[in-house]
Amino acid sequence: MTALVELHHVTRAHGNGHTAAVAVRDIGCTIMPGERIAVTGPTGSGKTTLLHLIAGLDSPTAGEITWPGLGGNPLGRPGLIGLVFQEPSLLPALDVLDNVAFPLRLDGRPADSARRHARTVLEQAGIADLSERLPEELSGGQAQRVAVARAIAVAPRLITADEPTGRLDTPHALAVVDLLVHAADELGATLLLATHDPRMAERLDRHWEMRDGALTERPAEEPRRGS
Ligand SMILES: Nc1ncnc2c1ncn2[C@@H]1O[C@H](COP(=O)(O)OP(=O)(O)OP(=O)(O)O)[C@@H](O)[C@H]1O
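Going by an unreviewed UniProt entry, the chain carries the name ATP-binding cassette domain-containing protein and comes from Actinomadura vinacea.

Here is the structure:
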């Protein structure tokens, strides 16, 4: 099977010389199609930087990343990635339906077709009743589920979600993670989820732990420290 993403000795440093901050340090790993990976680790350990590198939003200062299973565009960046951030970042002037249709419009779909598809995605996500609301009329959990719907509307092969539940209470956080896992199942996509919360990480099968920019993989069945 072709790997989705491969990292070879990837390092990302900010600044130079003795003042350099090394956010990600000599990471090598392979992500295969369909995997569910939780990335845990303390604040500042490099989770966001790692997700940005894997999504092609940032570039390594040493080492190499390739995306054999994600194609690429003329800039050498990977395609077919859906991004979810800590803040839902919905467009405030557009209702939920048009927020979800937005990436499809950017892909060149006509408005009618984009809206039809957005409606189907919202139905599959169980939030079609929110279609006509503006972002300011949504709770935090609702807004984050809309952000997930927007990310999956383009049928990505890889979904990266960076602390998408950081500001939510447990029931809403679990609803968002379950929606991500369900969407990844439906699409046959890989899911990479950064989280501080072990209960969210438990929902996924591979567990990566970041510490001071270095990555270690913990077997899923190994008891978690402190639990
Ligand atoms: N643009 C930057 N310039 C300098 N240092 C940076 C920059 N971006 C990140 N860093 C540093 O790199 C390290 C890793 O940051 P990163 O945001 O990837 O960690 P994180 O695990 O995602 O943290 P959090 O859980 O708080 O989001 C931190 O020490 C951070 O201060």
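The structure having been displayed, the exposition proceeds.
## Topic: the side chain of Glu163
Looking at where Glu163 falls in the secondary structure, it is placed in the loop between strand 6 (158–162) and helix 5 (170–187). For the buried Glu163, which has no salt bridge, the nearest side chain bearing the opposite charge is Lys47, at an N-O separation of 4.4 Å. Among the polar contacts made by the side chain of Glu163, one reaches the side chain of His196 at a distance of 2.6 Å. Not counting residues within four places of it along the chain, the set of residues in contact with Glu163 comprises Lys47, Gln86, Ala194, Thr195 and His196.

## Comments concerning the site of the ligand
In the neighbourhood of the ligand, the contacting residues comprise His14, Ala23, Pro42, Thr43, Gly44, Ser45, Gly46, Lys47, Thr48, Thr49 and His196. Ser45 is positioned such that a nitrogen or oxygen atom in its backbone is 3.1 Å from an oxygen atom of the ligand. Separating an oxygen atom of the ligand from a backbone N or O atom of Thr48 is a distance of 2.8 Å. Protein coverage of the free-state accessible area of the ligand, which is 640 Å², stands at 57%. Taken together, the residues of the shell around the ligand sort by class into 2 nonpolar, 8 polar and 1 charged.

## Observations regarding the pairing of strand 1 (residues 5–14)
Pairing geometry for strand 1 and strand 2 (residues 21–31), over 7 bridges, is antiparallel. From the neighbouring strand, Ala13 faces strand 2, where its bridge partner is Val22. The antiparallel hairpin formed by strand 1 and strand 2 contains 6 residues in its connecting segment, where Gly15 sits at a positive phi of about 85°. Across 4 bridges, strand 1 lies against strand 4 (residues 62–66) in antiparallel orientation. Bridge pairing in strand 4 links Glu6 to Thr66.

## Focus: the nonpolar core
With 41 residues, the main nonpolar core has Val100, Val146 and Leu180 as its most contacted residues. Those elements that place two or more of their residues in this core are helix 2 (96–106), helix 3 (111–124), helix 4 (140–152), strand 6, helix 5, strand 7 (190–194) and helix 6 (198–201). Among the elements that take part in this core, helix 5 stands out by supplying 8 residues, more than any other. The contacts of Val146, once residues within four sequence positions are left out, are Leu90, Val96, Val100, Ile127, Leu130 and Leu138.

## Examining the environment of Lys47
Mapped onto the fold, Lys47 is located in helix 1 (residues 47–54). Under the relative-accessibility criterion, Lys47 is labelled buried at 6%. Along the primary structure Lys47 and Ala214 are separated by 167 residues, whereas in three dimensions their C-alpha atoms are 9.8 Å apart. In contact with Lys47, other than residues within four places in its own chain, are Val39, Thr40, Gly41, Pro42, Glu163, Ala194, His196 and Met210. Polar contacts involving the side chain of Lys47 include one to the main-chain carbonyl oxygen of Pro42, which spans 3.1 Å.

Reading guide: rules and limits
- Residues numbered from 1 in each chain as written.
- Predicted model: local features only at pLDDT ≥ 70, side-chain atom pairs only at ≥ 80, totals over all residues.
- Heavy atoms only, no water.
- Helix = DSSP H or I, 4+ residues; strand = E, 2+ residues; numbered from the N terminus.
- Buried < 20%, exposed > 50% of the residue type's maximum accessible area, 1.4 Å probe, protein only.
- Lys, Arg positive; Asp, Glu negative; His and termini not counted.
- Salt bridge = Lys/Arg side-chain N within 4 Å of Asp/Glu carboxyl O.
- Polar contact = N/O pair within 3.5 Å; in protein donor to acceptor, adjacent residues only side chain to side chain.
- Contact = heavy atoms within 4.5 Å.
- Near = heavy atom within 4 Å.
- Areas by Shrake-Rupley, 256 points an atom, 1.4 Å probe, with all protein chains shown as cover.
- Nonpolar A, V, L, I, M, F, W, Y, C, P; charged D, E, K, R; others polar.
- Pairing = 2+ DSSP bridges.
- Core = buried A, V, L, I, M, F, W, Y, C linked by side-chain atoms within 4.5 Å.

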